[in-house]
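Examining the three-dimensional arrangement
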Amino acid sequence: MFMMDAHCDTLMDVVSGRRKLGETGRGGHLDLPRMAEAGMSAQVFAIYVPEEFLPGASATRAMRYVDAFYQEAETEGSLLAPATRAQDVACAKERGKIAGFLSIEGGEVLEGSIELLRIFYRLGVRLMTLTWSNRNQIADGCYEERTRGGLTRFGVEVVREMDRLGMVVDVSHLSEAGFWDVMEVSTRPVIASHSNSKVLWSHPRNLTDEQARAIAEKDGVIGVSFVGLFLGDGRRTIGGIADHIDHFANLVGPEHVGIGSDFDGMSDEYLPAGISSVLDFPAVAGELAHRGYSDEEISGIMGENLLRVVGSVIG
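Residues numbered from 1 in each chain as written. Predicted model: local features only at pLDDT ≥ 70, side-chain atom pairs only at ≥ 80, totals over all residues. Heavy atoms only, no water.

Observations concerning the state of the cysteines
What we call a disulfide is simply a covalent bond connecting the sulfur atoms of a pair of cysteines. Per the stated rule, a full pass over the model turns up zero disulfides. Here C8 stays unpaired: no disulfide links it, and the sulfur of C142, its closest cysteine neighbor, is 20 Å away. When its relative accessible area of 1% is taken as the criterion, C8 is described as buried. Residue C142 is classed as buried on the basis of its relative accessible area of 2%. (Disulfide = S-S within 2.5 Å. Buried < 20%, exposed > 50% of the residue type's maximum accessible area, 1.4 Å probe, protein only.)

Observations concerning the environment of A192
Among the structural elements, A192 can be located in strand β7 (residues 191–192). Residue classification places A192 among the buried positions, given a relative accessible area of 0%. Once the C-alpha coordinates of A192 and K97 are considered, the two residues, 95 residues apart in sequence, prove to be 26 Å apart. Residue contacts for A192: discarding those within four places in its chain leaves D170, V171, S172, L207, I215, V221, I222 and G223. (Helix = DSSP H or I, 4+ residues; strand = E, 2+ residues; numbered from the N terminus. Contact = heavy atoms within 4.5 Å.)

A look at the pattern of salt bridges
Considering all chains together, one arrives at 14 salt bridges under this definition. Notably, a salt bridge pairs E144 with R135, separated by 3.8 Å at the nearest N-O pair. A relative accessible area of 23% places E144 in the partly exposed class. Taking relative accessible area as the criterion, R135 reaches 49% and is therefore assigned partly exposed. When the shortest N-O distance is used, the salt bridge between D246 and R291 registers 2.6 Å. (Salt bridge = Lys/Arg side-chain N within 4 Å of Asp/Glu carboxyl O.)

Details of the packing of aromatic side chains
Applying the stated criterion across every chain yields a total of seven aromatic pairs. Between F179 and W180 the ring centres are 4.9 Å apart and the planes differ by 90°, which places this aromatic pair in the edge-to-face class. Judged by relative accessible area, W180 falls into the partly exposed class, the value being 34%. Between the aromatic rings of F226 and F281, the centroid separation amounts to 6.0 Å while the plane-to-plane angle is 45°, which identifies the pairing as tilted. Separated by 55 residues along the polypeptide, F226 in the loop between β8 (221–224) and α9 (228–231) and F281 in helix α11 (residues 281–290) bring together distant segments of the chain. You can call F281 buried: its relative accessible area is 0%. Clustering of aromatic rings is evident, with ring pairs tying together F45, F69 and Y70. Over the face of the ring belonging to Y121 we find R126, whose NZ or CZ atom lies 3.7 Å from the ring centre. One residue, R205, lies across the ring of F230, its end atom 4.6 Å from the ring centre. (Phe/Tyr/Trp six-rings, centres within 6.5 Å; stacked < 30°, edge-to-face > 60°. Lys NZ or Arg CZ within 6 Å of the ring centre and 35° of its normal.)

Here is the structure:
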């Protein structure tokens, strides 16, 4: 079974010096040895810059994430193979490695510069979550809903340039007004890398059914998150994860559903019951099999659907 996760924050721990991506035993939810043991084929690694580096030092901090990623890949015997195209995943697997894609989580690291977007692209970044939950130069995040603000003029320029370059636009964390602006501006499939259903749990980070349909109409993918805050009361379990998958699969088809765990982006108290690390990733597939999904549908949800979008947008 193919498995590819749309979102983790593990590079935060690596850059802070708390642990190394290539070593197990120092905590966290995800590292390369455990990913290999779980059977993961590919992982999207987020570049998320905490607020204390904003504004002014965000781009520099983001560069440290990029450097840490490549330093690990260049370590002798590393299991990490940097990926910038869909076909790199198969090449990594042939070499016994895990393909890693870089994604910016929060376009504030661009510091209002379209030139920095192109520089990050040249450094191998192939996806970008336009905002975190707050406002930046691109758009308002989901915690700024009161303003009803969408994409700024700079934000429109960013989305158009991402389309031109071949970068996946990620609408998780975005305000609803910003979301609909992206649907109008972008000509490519988009993803919501780690967002759940607002029908099942009304949280600002979750998606309405109308948003889910719009993503599917662009042949995009919704990555269901493991974060308890987004699963909702009574659903902080593997079954709860599957409930959100069920909702989207029934609404728009299983071919538009994926997984965006958000491992290492949440404290352990928000982990759903039955999930403690990437080693439990296959348990979600087991729950889907128990619910009657076909092998093809499960492989799609566990990663092939996301890879399809990557191939469509990036090549």
